[in-house]
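These are the residues of each chain, in order.
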Amino acid sequence: QVQLVESGGGLVQAGGSLRLSCAASGLTFNRVAMGWFRQAPGKERVLVAAVNRDSGLIFYTVPVKGRFTISRDNAKNTVYLQMSSLKPADTAVYYCAAAITVQTFLDGGEGDYWGQGTQVTVSS
């Protein structure tokens, strides 16, 4: 059974930082691409960042480029999202997802497996 478990969300002031983690089990982690998505209240879930299986290909959506860093540790079956210079507009539930390739995410696909999400709230 595949499980993706996010952690690290919380309440932070604007300008602050958080690091999200997503621990994976039940799949061959070093054979999947991983993505972070977010869904703000009343809005669609959107891709934030993605990384391929060996971290050789990384994607960021424009609003987070330069502020967020996605990374993965294949030895720990974990993907991270380091978020800095947070803004109130970053407030959302953040989800991690697994897919065969990063292109799946870039083509608008949402991956094969999902975590339950972790809330990030940025106060002004």
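The model shown is predicted, which means the values in this text are computed figures rather than measured ones. (Residues numbered from 1 in each chain as written. Predicted model: local features only at pLDDT ≥ 70, side-chain atom pairs only at ≥ 80, totals over all residues. Heavy atoms only, no water.)

Asker: What exactly am I supposed to notice about the nonpolar core here?
Answerer: Grouped burial of nonpolar side chains is what soluble globular proteins tend to show. By size, the foremost hydrophobic cluster in this structure holds 28 residues, and its most contacted members are Met34, Trp36, Leu81, Met83 and Tyr94. Breaking this core down by element, the ones donating at least two residues are strand 3 (18–25), strand 4 (33–39), strand 5 (46–51), strand 7 (68–73), strand 8 (78–83), strand 9 (92–99) and strand 11 (118–123). Residues in contact with Leu81, not counting those within four places in the same chain, are Leu18, Arg19, Leu20, Trp36, Val48, Ala49, Phe68, Thr69, Ile70 and Tyr94. (Core = buried A, V, L, I, M, F, W, Y, C linked by side-chain atoms within 4.5 Å. Buried < 20%, exposed > 50% of the residue type's maximum accessible area, 1.4 Å probe, protein only. Helix = DSSP H or I, 4+ residues; strand = E, 2+ residues; numbered from the N terminus. Contact = heavy atoms within 4.5 Å.)

Asker: What am I meant to see in the side chain of Thr78 here?
Answerer: Structurally, Thr78 can be placed in strand 8. Here Lys76 takes part through its backbone oxygen, which lies 2.8 Å from a polar atom of the side chain of Thr78. In this view, Thr78 contacts Ser21, Cys22, Ala23, Phe29, Ser71, Arg72 and Asp73; residues no more than four positions away in its chain are not counted. (Polar contact = N/O pair within 3.5 Å; in protein donor to acceptor, adjacent residues only side chain to side chain.)

Asker: What am I meant to see in the pattern of salt bridges here?
Answerer: Pairing of side chains with opposite charge becomes possible as their charged atoms draw close. With the rule as written, the count across this model stands at two salt bridges. Where Arg38 meets Asp90, a salt bridge forms, and the shortest distance between an N and an O atom there is 2.9 Å. Here Arg38, found in strand 4, pairs with Asp90, found in the loop between strand 8 and strand 9; they are 52 residues apart in sequence, far enough to count as distant. The partner of Asp90 in a salt bridge is Arg67, with the nearest N and O atoms 2.7 Å apart. In this pair, Asp90 is assigned in the loop between strand 8 and strand 9 and Arg67 in the loop between strand 6 (58–60) and strand 7, connecting sequence segments 23 residues apart. In this pair, the class of Asp90 matches that of Arg67, namely buried. Connected via shared salt-bridge partners are Arg38, Arg67 and Asp90. (Salt bridge = Lys/Arg side-chain N within 4 Å of Asp/Glu carboxyl O.)

Asker: It is not clear to me how the packing of aromatic side chains should be interpreted in this structure. Could you clarify?
Answerer: Between two aromatic rings, the relevant description is the distance of the centres plus the angle of the planes. Under the criterion given, the structure shown has three aromatic pairs. Consider the rings of Phe37 and Phe105, whose centres lie 5.5 Å apart with planes at 65°: the pair is edge-to-face. Taken together, the positions of Phe37 in strand 4 and Phe105 in helix 1 (residues 102–106) put the pair 68 residues apart, joining distant regions of the chain. Here the two residues Phe37 and Phe105 agree in accessibility, since each one is buried. Judged by centre distance (6.3 Å) and plane angle (80°), the ring pair of Tyr95 and Trp114 falls under edge-to-face. In this pair, Tyr95 sits in strand 9 while Trp114 sits in strand 10 (residues 113–114), placing the two residues 19 residues apart along the sequence. Judged by relative accessible area, which is 25%, Trp114 ranks as partly exposed. Positioned above the aromatic ring of Tyr95, the side-chain terminus of Arg45 is 4.8 Å from the ring centre. For the cation-ring pair, Arg72 lies above Phe29, with the distance from its terminal atom to the ring centre recorded as 4.4 Å. (Phe/Tyr/Trp six-rings, centres within 6.5 Å; stacked < 30°, edge-to-face > 60°. Lys NZ or Arg CZ within 6 Å of the ring centre and 35° of its normal.)

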